[in-house]
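Structure at a glance
In case you want the letters, here they are:
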Amino acid sequence: MTIGFPTASSQAREFHARVLELNGGKWFDFETHLASLYKAVLRPGSVAVDGGANVGAHTLQMALAVSPGGLVIAVEPVPELRARLEERREEDRIPPQLIKMVPSGLSDKAGTAEFFQVTGGPQHGLSGLKYRHFLENYSVRKIEVPLTTLNSICADLQRLDYVKLDVEGAELSALRGGLETLQKFRPVVSIEQDQYSPQYFGYSWQDLLDYFNSLKYEVYDLFGIRYADPEMFNSCAVWDFVGLPAEYPAKEHVFDAVRQSMKRSGVRLPGSSDFRPPEPPQPVSGKSRAIEPFGQPSRLPHSARHDSKNEQPSSNTFLVAPWIEEAGIRSWYYDPELAEMLRQS
């Protein structure tokens, strides 16, 4: 099912390019619009999980949405960030019973792990379980953190309405540790997932789709475009995705809330008349090509092509697509030297 927008990979690329063009070639902040999605899902008495709570930008909004009688389980392994979250809760006079802090990281099994904490500036949200190439530009310290699972932290719940996962690439591991929880409660799930995370954490976009498909979930971006093929992740231009149970009765409602939020903030959205019919499938090539940076509204990055018959990524053409954070623009490019370094590591 498509919520108002095309699903073909070429049309999804075209849609994202058109949004960029209408908004000056720059992406806007998606966090506000993600909040509009979960506010459309949550009600007083609802229960939510904020995986990768950081300093509570979403935790606190979720707590207000579920009040009275609800609960937000905030999972954050970094002590300094948890302390700041608690300070902000007190500043905002949010009752403590609305938020349960879990001082751990999320994974597919309990234990401990190395954690790379960004210690300076506003980039603390880049901290994570893997040392990724761009962290060399920041002050980073290695700490050990406990790990837990969604199944464990949700074991005593009677309901679960929403799960947010922003754990810097470890989203699939966290989801795998919550299989029984998602089967039982069927919550709406949102993940922040950039294009190069699979390479650091050893999975593919097919693995991510297979996980959701096994649970009879459908995957969308915040515009309401459904992602039914792994190539769509490779060629898309966004990083926030939503998993909805196939039977979820309010798909139109939640994506309409997002669109209204975008319009209120001045985002210009194209209409369906802007798009051509789906393009026919193109032959698969075994060669990768360079990617032009974002910021040119008529161009959109494509992934390195897959060269096997079943469309699985070749180790020789694995795309590395780091974000370039410049003036709020997150751009992607192909870095062959980095790709080779990751392939050999």
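Above this text is the structure in question.
In what follows, the accompanying structure is described. (Residues numbered from 1 in each chain as written. Predicted model: local features only at pLDDT ≥ 70, side-chain atom pairs only at ≥ 80, totals over all residues. Heavy atoms only, no water.)

Quick look at unusual backbone geometry
A cis amide bond links Ser67 with the next residue in sequence, Pro68, at an omega value of -5°. With respect to the secondary-structure elements, Pro68 resides in the loop between α3 (57–66) and β2 (71–75). Not every positive phi belongs to a glycine, and Glu168 is a case in point at roughly 55°. Here Glu168 is to be found in the loop between β7 (162–165) and α6 (171–176). Its identity is not glycine, yet Lys216 carries a phi of approximately 60°, on the positive side. (Helix = DSSP H or I, 4+ residues; strand = E, 2+ residues; numbered from the N terminus.)

A word on the sheet that holds strand β5 (residues 111–118)
With mixed pairing, three strands are arranged side by side in an open sheet as β4-β6-β5. Of all the strands in the sheet, just β4 (105–106) and β5 have a single pairing partner and so form its edges. Examined bridge by bridge, β5 and strand β6 (residues 140–148) share eight bridges and lie antiparallel to one another. Pairing of Phe115 across the sheet is with Ile143, part of β6. (Pairing = 2+ DSSP bridges.)

Some words on the packing of helix α2 (residues 31–41) against α3
Close contact between α2 and α3 brings their axes to 10 Å; oriented N to C, the two are set at 30°. Here α2 lies roughly parallel to α3, going by the angle between them. The crossing of α2 and α3 is right-handed. Note on element contacts: α3 touches α2 through His58, Gln61 and Met62, opposite Glu31, Leu34, Ala35, Tyr38 and Lys39. When its residues are assigned to classes, the contact of α2 with α3 shows four nonpolar, two polar and two charged. (Axes fitted to C-alpha atoms, helices over the stretch in contact; angles between N-to-C directions. Parallel < 35°, antiparallel > 145°, perpendicular 65-115°, else oblique. Left-handed = near helix turned anticlockwise from the far one by under 90°. Contact = heavy atoms within 4.5 Å. Nonpolar A, V, L, I, M, F, W, Y, C, P; charged D, E, K, R; others polar.)

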